[in-house]
Each structure stands twice: as structure tokens, then as C-alpha cells.
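# A closer look at the structure
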Amino acid sequence: MSETRSDGELLRSAADGDRRAFEELYRRYAPWLTARLRGRCADAGIVDDVVQETFLAIWRGKARYREDGDVAGWLWRIGSRRLVDAVRGDGARGRLRQALARLRHRDEASAEERVLAGVEHGDLAGALVRLSPELRAVLQATVIDGLTTREAAVLLGIPPGTVKTRAMRARKQLREALA
């Protein structure tokens, strides 16, 4: 009977080049990470690529675990960031476009910022929970992840027009709930 190693032991061994430890870590967490990422992205190909990139970053030493938290949470942070990058096509041109967009609109408050600024004692968390899962998913993608309408459409597997409509409905419902 073999001894089951802790996540920390597996990560330390994998960092030292232990292929078996890395494979065990992959078997332990790849299905879980895949399922979580598929909940955020309808494109199974992108999700599979992101899972592979996440574990390759660990194997190549580009992602370092500091042993100060949960391994699953650490993997989720790496995978979710890589998913956003994959959906955005995070190349130099994309980063430049984002920087220019921030400069161009830095003095304009977004609809989300206006709603949040007006909420001092409102129940934002309660208002968000009362939104339908479809509306919450659009807000998650566009507000929290900062994706464009087109990027959110790819991530969620819905047309860009549907993203716009759901975002508009979500904002309206939040304004009403917080008024």
C-alpha cells in the first residue's frame, strides 16, 4: 500500500523535477480545474489549453507555490488568469489596446462605478444574489474579469448582442434593488 503524499509534498517534489509527483498532482487537480473553468468558458478547447498551460507553468517552474494557502485556490488563480488571457488573446497588441482604452476613458465613470458609488449602505451582495445566474455570469465576465462584450460572448458561448442585453438588464435590476 502506497503512502498518499500531501499537496505541498507533491509540489515540492515536482519543483525538484519528480515526474511522478507532478503526474499525481495533475491527476488530483486537472479534472477539478477543468470543471471549474468550463463553468466560466463554453469553449472546451480553450479550457483544455488553459489547464495544460497551467500545469506546464508549474512543471517549468514559472508558477511558484509559496506554501501560504490552499493548493486548489492557488491553481484556480493561475488557471482563471490564464483563461482571461486566452479569451483576450493577451498579446502585445491586446495590452496596448487596453492601455489606450484606459487612458481614453479614465475620466468617465462606468455604469458599474456610478451604481457602486451611490451605494453606501445598500445591500449590494444581496442584490447580486437575487440576479439570475445568466445575468450574474455576464456581470462576472464584463465587470469583475474586465472582458469586452466580444470576449465575454466567447467565454460564455452566447452572441455579443445577448451579452449587451443581459448586462443592461443586470444593471437595471441592480439600480432598482439599490435605490
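Data block above holds the structure.
First things first, this report covers the structure right here in the doc. (Residues numbered from 1 in each chain as written. Predicted model: local features only at pLDDT ≥ 70, side-chain atom pairs only at ≥ 80, totals over all residues. Heavy atoms only, no water.)

## Let's talk about the packing of helix α2 (residues 19–38) against helix α3 (residues 44–59)
Definition in use: Note on definitions: angles span 0 to 180 degrees between N-to-C directions of axes, and those axes are lines fitted to C-alpha atoms, for helices only across the stretch in contact. Each helix is a run of H or I in the DSSP string that is no shorter than four residues. Each strand is a run of E no shorter than two, and both are numbered from the N terminus. By definition, turning the near helix anticlockwise from the far helix through less than a right angle yields a left-handed crossing, and turning it clockwise yields a right-handed one. We call two residues in contact when some of their heavy atoms are within 4.5 Å. Residue polarity follows a fixed list, in which Ala, Val, Leu, Ile, Met, Phe, Trp, Tyr, Cys and Pro are nonpolar, Asp, Glu, Lys and Arg are charged, and the others, Gly among them, are polar.
Direction vectors running N to C along α2 and α3 enclose 145 degrees, while the axes themselves pass 10 Å from each other. Relative to α3, the crossing made by α2 is right-handed. Here α2 contributes R19, F22, L25, Y26, Y29, A30, L33, T34, L37 and R38 to the contact with α3, which in turn contributes A44, V47, D48, V50, V51, Q52, T54, F55, I58 and W59. Partitioned by chemical class, the residues of the contact of α2 with α3 number 14 nonpolar, three polar and three charged.

## Remarks on a negative patch on the surface
Condition: The patches reported here contain residues having more than 30% relative accessible area and no salt bridge. Joining distances are 9 Å for like charges and 5 Å for nonpolar side chains (Val, Leu, Ile, Met, Phe, Trp, Tyr). For the accessible areas, the method is Shrake-Rupley and the probe is 1.4 Å, while residue cover comes only from the protein chains on display. Definition used for salt bridges: Asp or Glu carboxyl oxygen within 4 Å of a side-chain nitrogen of Lys or Arg. The convention is simple: Lys and Arg are positive, Asp and Glu are negative, and His and the chain ends are not counted. Here the site of a charge means atom NZ of a Lys, CZ of an Arg, CG of an Asp or CD of a Glu. Categorising residues by exposure relies on relative accessible area from a 1.4 Å probe, with only protein chains included: less than 20% of the type maximum marks a residue as buried, more than 50% marks it as exposed, and the intermediate range marks it as partly exposed.
On the surface, D43, D49, E53 and D85 cluster together into a negatively charged patch. Residue classification places E53 among the partly exposed positions, given a relative accessible area of 36%.

## Focus on the environment of L139
Tracing the backbone through its elements, the reader meets L139 in helix α8 (residues 133–144). For the pair formed by L139 and V163, sequence separation is 24 residues and the distance between their alpha carbons is 9.2 Å. Leave out the neighbours within four places in its chain, and L139 touches L128, L131, I144, A170 and L174.

## Digging into α8
Looking at α8, one finds that the buried residues are L135, V138, L139, A141 and T142. Looking at the buried positions of α8, the neighbouring elements they touch are α7 (124–130), α9 (149–156) and α10 (160–178). Of the residues flanking the end of α8, it is G146, one or two places downstream, whose phi is positive at about 70 degrees.

## Overview of helix α1 (residues 7–15)
Every buried residue belonging to α1 is among D7, G8, L10, L11, S13 and A14, and all of these are buried. Those residues of α1 that are buried are in contact with α2, α3 and α4 (71–88). Positive backbone phi, at 95 degrees, marks G17, one or two positions downstream of α1.

## Details of the packing of aromatic side chains
Convention followed: Any two of the Phe, Tyr and Trp rings considered here, Trp counted by its six-membered ring, make a pair once their centres fall within 6.5 Å; the pair's planes then place it as stacked at under 30 degrees, edge-to-face at over 60, or tilted in between. Here, a charge over a ring means that NZ of Lys or CZ of Arg falls within 6 Å of the ring centre while also lying within 35 degrees of the ring normal.
The tally for this structure, following the rule as stated, stands at four aromatic pairs. Centroid distance Y29 to W32: 6.2 Å. Interplanar angle 80 degrees. Geometry classified as edge-to-face. Of this pair, Y29 and W32 both sit in helix α2, separated by three residues, roughly a single helical turn. Taking relative accessible area as the criterion, Y29 reaches 11% and is therefore assigned buried. Overall, W32 belongs to the partly exposed group, its relative accessible area being 30%. The structure contains a cluster of three or more aromatic residues connected by ring pairs, namely F22, Y26, F55 and W59. The aromatic ring of W76 is capped on one face by R36, whose charged end is 3.9 Å from the ring centroid.

Interpretation note: all reported values are geometric properties and have no functional meaning in isolation.
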